[in-house]
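Below, each chain spelled out in residue letters.
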Amino acid sequence: MDIKHTDTGNKGRFYYEVDGVEKGLMTYSHAGADKIIIDHTEVDSSLKGQGVGYRLVEASVDYAREQQIKILPLCPFAAAVFKKRTEYSDVLF
């Protein structure tokens, strides 16, 4: 599963496409130089149960580790994933 990422400097997004159509999306905003805030996660119902949402969060964690920043998950889905996955606690704000 290839999760893509774009960042405009103020905001960013991780997304998943199927045949060129976006089917999963997680958005975030930068909060200073050392933190991002995940504000929304959405996955098309056709992909329910396939772990796309988890992979979007995982991609954000990988990004945070690479950039040495923290994540504040305001999105309810992302917050729930962070509670379940204690191995992500190193990037949790």
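Residues numbered from 1 in each chain as written. Predicted model: local features only at pLDDT ≥ 70, side-chain atom pairs only at ≥ 80, totals over all residues. Heavy atoms only, no water.

Draft legend 1. Structural context of the pattern of salt bridges. If you walk through the whole model with that rule in mind, you get four salt bridges. With a shortest N-O distance of 3.0 Å, Glu17 and Lys4 are connected by a salt bridge. You can see Glu17 sitting in strand S2 (residues 11–18) and its partner Lys4 sitting in strand S1 (residues 3–7), a full 13 residues away along the chain. A salt bridge links Arg13 to Glu22, with the shortest nitrogen-to-oxygen separation between them at 2.4 Å. Given the relative accessible area of 27%, Arg13 is considered partly exposed. (Salt bridge = Lys/Arg side-chain N within 4 Å of Asp/Glu carboxyl O. Helix = DSSP H or I, 4+ residues; strand = E, 2+ residues; numbered from the N terminus. Buried < 20%, exposed > 50% of the residue type's maximum accessible area, 1.4 Å probe, protein only.)

Draft legend 2. Layout of the pairing of strand S3 (residues 21–30). Across eight bridges, the pairing between S2 and S3 is antiparallel. In the sheet register, Lys11 faces S3, and the bridge partner there is Ser29. Turn length for the S2-S3 hairpin, with the two strands adjacent in sequence and antiparallel, is two residues, and the turn residue Asp19 shows positive phi of about 50 degrees. In this sheet, strand S4 (residues 35–43) lies alongside S3 in antiparallel orientation, the contact comprising seven bridges. Residue pairing in the sheet places His30 in a bridge with Ile36 of S4. The antiparallel pairing of S3 with S4 creates a hairpin that spans four residues between the two strands, and Gly32 there sits at a positive phi of about 80 degrees. (Pairing = 2+ DSSP bridges.)

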